[in-house]
Amino acid sequence: AFLIQPLPTVPRDFPSLAAALEAGAEKVAVLPWHTEAGQIQVVRNTQFISRGCQISGCIHVSPGARLSLENLRVTGPGSGIILRPGSRADLLCCKVEGNSFHGIIVEKGATCDLYKCQVRNNAMRGVLALGQFSQNDTDISENGIEEIPPSTCFSTRQSSSQRYSY
């Protein structure tokens, strides 16, 4: 026999994602009506699962950390997600939109994989990929800077799985 334990939940068990991270939570469910404001610093392997939670602020992923997001919306001032060298992010069915700078910054030495995501309506590039970046069935469009050569940034809609390393 096995025992299924429910995931810790924001805001039921923790008042915020930042508080869950400070408490050492590695996998957290986020209720869909929850809105998180401010910066989030990810320093260890972490997974956030939701059905529509909104994060209004930047998520910084530290070197050596891995972030998995499922069904979250990231928007707000600055860039939505910044991946530092040696970090990794996997996004499933997420929206990164309406940021006042780039949607996602993948620094050299970082890795980002997007699956069934939307990266739209960001003031600069949808994805600034200086490290490894792949996407599958993801819409990266209607960002402030669209006409970027593929060697600099990937910002067109593709339905096939591709990996880019810059």
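Residues numbered from 1 in each chain as written. Predicted model: local features only at pLDDT ≥ 70, side-chain atom pairs only at ≥ 80, totals over all residues. Heavy atoms only, no water.

## Some details on the pairing of strand E9 (residues 73-76)
Item 1. Across 3 bridges, strand E6 (residues 54-56) lies against E9 in parallel orientation. Note on E9: the bridge partner recorded for Ile-55 is Val-74.
Item 2. When E9 meets strand E12 (residues 95-99), the two strands line up parallel, connected through 3 bridges. Its bridge partner lying in E12, Arg-73 is registered against Lys-95. (Pairing = 2+ DSSP bridges. Helix = DSSP H or I, 4+ residues; strand = E, 2+ residues; numbered from the N terminus.)

## Concerning unusual backbone geometry
Item 1. The amide bond that connects Val-10 to the next residue, Pro-11, takes the cis arrangement and shows omega of 5°.
Item 2. Summarising the element assignment, Pro-11 is placed in the loop between strand E1 (9-10) and helix H1 (17-22).
Item 3. For Asn-121, which is not glycine, the phi torsion reads 60° and is therefore positive.
Item 4. With respect to the element layout, Asn-121 can be found in the loop between strand E15 (118-120) and strand E16 (127-129).
Item 5. Overall, Asn-121 belongs to the partly exposed group, its relative accessible area being 41%.
Item 6. Even without being a glycine, Glu-142 presents a positive backbone phi close to 55°.
Item 7. The topology assignment puts Glu-142 in the loop between strand E18 (139-141) and strand E19 (162-165). (Buried < 20%, exposed > 50% of the residue type's maximum accessible area, 1.4 Å probe, protein only.)

## A few points about the sheet that holds strand E3 (residues 35-37)
Item 1. Strand order in the open sheet formed by 6 strands is E3-E6-E9-E12-E15-E18, with parallel pairing between adjacent strands. In the strand order of this sheet, the two ends are held by E3 and E18, each with one partner. With strand direction ignored, the average angle separating the axes of adjacent strands in the sheet is 15°. (Axes fitted to C-alpha atoms, helices over the stretch in contact; angles between N-to-C directions.)

## Quick word on the nonpolar core
Item 1. Ranked by internal contacts, the top residues of the largest apolar core, which has 37 residues, are Ile-59, Leu-69, Leu-91, Ile-104 and Leu-114.
Item 2. Among the elements that take part in this core, H1 stands out by supplying 3 residues, more than any other. (Core = buried A, V, L, I, M, F, W, Y, C linked by side-chain atoms within 4.5 Å.)

## Regarding the pattern of salt bridges
Item 1. Per the counting criterion, the structure on display carries 8 salt bridges.
Item 2. Between Glu-107 and Arg-84 there is a salt bridge whose closest N-O contact spans 2.5 Å. On the criterion of sequence distance, the pair formed by Glu-107 in the loop between strand E13 (104-106) and strand E14 (111-115) and Arg-84 in the loop between strand E10 (81-83) and strand E11 (88-92) is long-range, its members being 23 residues apart.
Item 3. The salt bridge partner of Asp-139 is Arg-120, with a shortest N-O separation of 3.5 Å. Of this pair, Asp-139 sits in strand E18 while Arg-120 sits in strand E15, placing them 19 residues apart in sequence.
Item 4. A relative accessible area of 10% means that Asp-139 is categorised as buried. (Salt bridge = Lys/Arg side-chain N within 4 Å of Asp/Glu carboxyl O.)

## Remarks on the environment of Tyr-115
Item 1. Looking at the secondary structure, you find Tyr-115 in strand E14.
Item 2. For the pair Tyr-115 and Cys-93, spaced 22 residues apart in sequence, the C-alpha separation works out to 6.4 Å.
Item 3. With residues up to four places along the chain from it excluded, the contact list for Tyr-115 reads Leu-91, Leu-92, Cys-93, Asn-136 and Thr-138. (Contact = heavy atoms within 4.5 Å.)

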